[in-house]
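Chain and residue survey
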Amino acid sequence: MSRPIFAHIDTEALQHNLSVTRRHAPHSRVMAVVKANGYGHGLARVAYALWDADGFAVASVDEAIQLRDLGWIKPILLLEGIFDASEISLCVTHQLSLVIHNSEQINWLRAAKLKQSIPVFIKFNSGMNRLGFPPANFRIALAQIQSIPTLSPITLMSHFATADDQYGIATQLAEIQQHFALLPYPMSLANSAAILRYPDTHRDWVRPGISLYGASPFADTSAASLNLRPAMTLHSQIIAIQTLKTGDALGYGRLWVADRDSRIGVVACGYADGYPRHAVTGTPILVNGVRTRTLGRVSMDMLFVDLTEIPDAKVGSQVILWGQGLPVEDVAAAAGTISYELLCARAQRVPERTL
Ligand SMILES: *Cc1c(COP(=O)(O)O)cnc(C)c1O
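Bear in mind the structure is a predicted one, so any value in this text is a computation, not a measurement. (Residues numbered from 1 in each chain as written. Predicted model: local features only at pLDDT ≥ 70, side-chain atom pairs only at ≥ 80, totals over all residues. Heavy atoms only, no water.)

This paragraph deals with the site of the ligand. Within the structure, the ligand sits among 15 residues, and Lys-35, Tyr-39, Ser-192, Ile-210 and Tyr-340 are positioned closest to it. Side-chain polar atom of Arg-207 to a nitrogen atom of the ligand: 2.9 Å apart, as the coordinates give it. Side-chain polar atom of Tyr-340 to an oxygen atom of the ligand: 2.7 Å apart, as the coordinates give it. Split into classes, the residues belonging to the shell around the ligand amount to seven nonpolar, four polar and four charged. (Near = heavy atom within 4 Å. Polar contact = N/O pair within 3.5 Å; in protein donor to acceptor, adjacent residues only side chain to side chain. Nonpolar A, V, L, I, M, F, W, Y, C, P; charged D, E, K, R; others polar.)

Attention now goes to the domain arrangement of the protein. Quite often, the size of an interface is put as the accessible area lost when its parts meet. Here the domain parsing of the protein yields domain 1 (11–220) and domain 2 (232–344). Computed from C-alpha atoms alone, the centre-to-centre distance between domain 1 and domain 2 is 38 Å. If you look at the interface, domain 1 gives nine residues, while domain 2 gives seven residues. Across the interface of domain 1 and domain 2, roughly 680 Å² is buried in total on both sides, 67% from carbon and sulfur atoms. For the domain 1 face of the interface with domain 2, the top three residues by lost area are Tyr-39, His-41 and Ile-210, together amounting to 52%. (Domains from an automatic or database assignment. Contact = heavy atoms within 4.5 Å. Buried area = accessible area lost by both parts, 1.4 Å probe.)

The subject of this paragraph is the pairing of strand E7 (residues 151–157). Buried residues dominate E7, accounting for five of its seven residues. With five bridges joining them, strand E6 (residues 118–123) and E7 adopt parallel strand pairing. Note that in E7 the partner of Ile-118 across the bridge is Leu-151. Crossover E6 to E7 through helix H7 (residues 135–146) is right-handed. One ladder, built from two bridges, connects E7 with strand E8 (residues 187–188); its direction is parallel. (Buried < 20%, exposed > 50% of the residue type's maximum accessible area, 1.4 Å probe, protein only. Helix = DSSP H or I, 4+ residues; strand = E, 2+ residues; numbered from the N terminus. Pairing = 2+ DSSP bridges. Right-handed = clockwise from strand over helix to strand, strands pointing away.)

At a closest axis distance of 11 Å, the pairing of H7 and helix H8 (residues 170–180) adopts a crossing angle of 35°. Our pair here, H7 against H8, has a crossing hand that is right-handed. Taken together, the residues of H8 that come into contact with H7 (itself represented by Pro-135, Phe-138 and Arg-139) are Glu-175, His-179 and Phe-180. (Axes fitted to C-alpha atoms, helices over the stretch in contact; angles between N-to-C directions. Left-handed = near helix turned anticlockwise from the far one by under 90°.)

By the secondary structure assignment, His-235 is in strand E10 (residues 232–244). Of the polar contacts made by the side chain of His-235, one reaches the backbone oxygen of Arg-353; its length is 3.0 Å. Here His-235 is in contact with Pro-4, Ile-5, Phe-6, Ala-7, His-8, Val-319, Ile-320, Leu-321, Arg-353, Thr-354 and Leu-355, once residues within four sequence places are set aside.

This brings us to the environment of Ile-73. Within the secondary structure, Ile-73 sits in the loop between helix H4 (61–69) and strand E4 (76–78). By relative accessible area, which is 76% here, Ile-73 ends up exposed. Spatially, the C-alpha atoms of Ile-73 and Pro-134 are 33 Å apart, while their sequence positions differ by 61 residues.

Glycine aside, the phi torsion of most residues is negative, and most peptide linkages are trans. Ser-152 connects to Pro-153 through a cis peptide bond whose omega is -5°. Tracing the backbone through its elements, the reader meets Pro-153 in strand E7. The backbone of Gln-95 shows a phi angle near 50°, a positive value even though the residue is not glycine. Residue position: Gln-95 is located in the loop between helix H5 (88–93) and strand E5 (97–100).

Here it is in structure tokens:
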């Protein structure tokens, strides 16, 4: 028997979010980003739900092989490419597509003397300054890749640092247009934020991640207003009730002291489940569908909720930590982080179960 904390994964929401994403970029192929165990939703679960996608993008050969083992025969893109030459043979065996972002990767691939072709995405650093060839080296790197005939077909790729905020993409897009001009290759530029906000970036392949999972990439726009539905609902139960008098303290560090006589619920969910320990008193949470607030410090297996205004709540009452009825973005904001981190942090000990 496990503890009463579970993740409900809504496959219809995943499918719905994929069609919303497609409607935004109707002329592009969709490379669904399923790295980090499908943003914490479960790689196989997500893959089956998004089987209609045109490709999957992952961060490791291991994830790619799991997808092949499920029977996926369409493209799989390794977003960081290979980490050393020993990965090349598995990439060939499983027909993986590689990002090439540095000259070491080109050297490994040249030395491998491939007999079969590998599709490659050459990554241009247009200002994110994380991966990719900078403007001064891009044409040289492209020429080196072109000189290895088995690195084919070639796709041009870049990634935006600020598609989700006020800074926008104009500077990076200008850099991209200048360096990709006249090159006879397909392109892949857009993450979720760019897909939703900048049609000019869509091109041949889009790379949605967070939008597929039903969270908004924008701090100022809700997922609901984008017609996205949460794919993960983290749910648990009240396992104890405490009655506090004004002045009584709660939990580790006496972090919260009752400013009125209070009824407190103890929830089976803590930071070892992936709930953020940095969530402050006042973080939103649902009990029996009623929005209330967390209190005090989150511990490893448990946290506290204010039930003073929810008199019918009792041991066994349903608690929703995020998901249906409570955007994960709201919880993330109260914890000083973003939805991505909370979704990915779902612990292995939190099994899947429907609401
Ligand atoms: C993770 C990732 C994405 C997806 O980003 P979202 O903001 O989740 O849409 C797209 N492209 C690259 C290169 C990534 O690493």
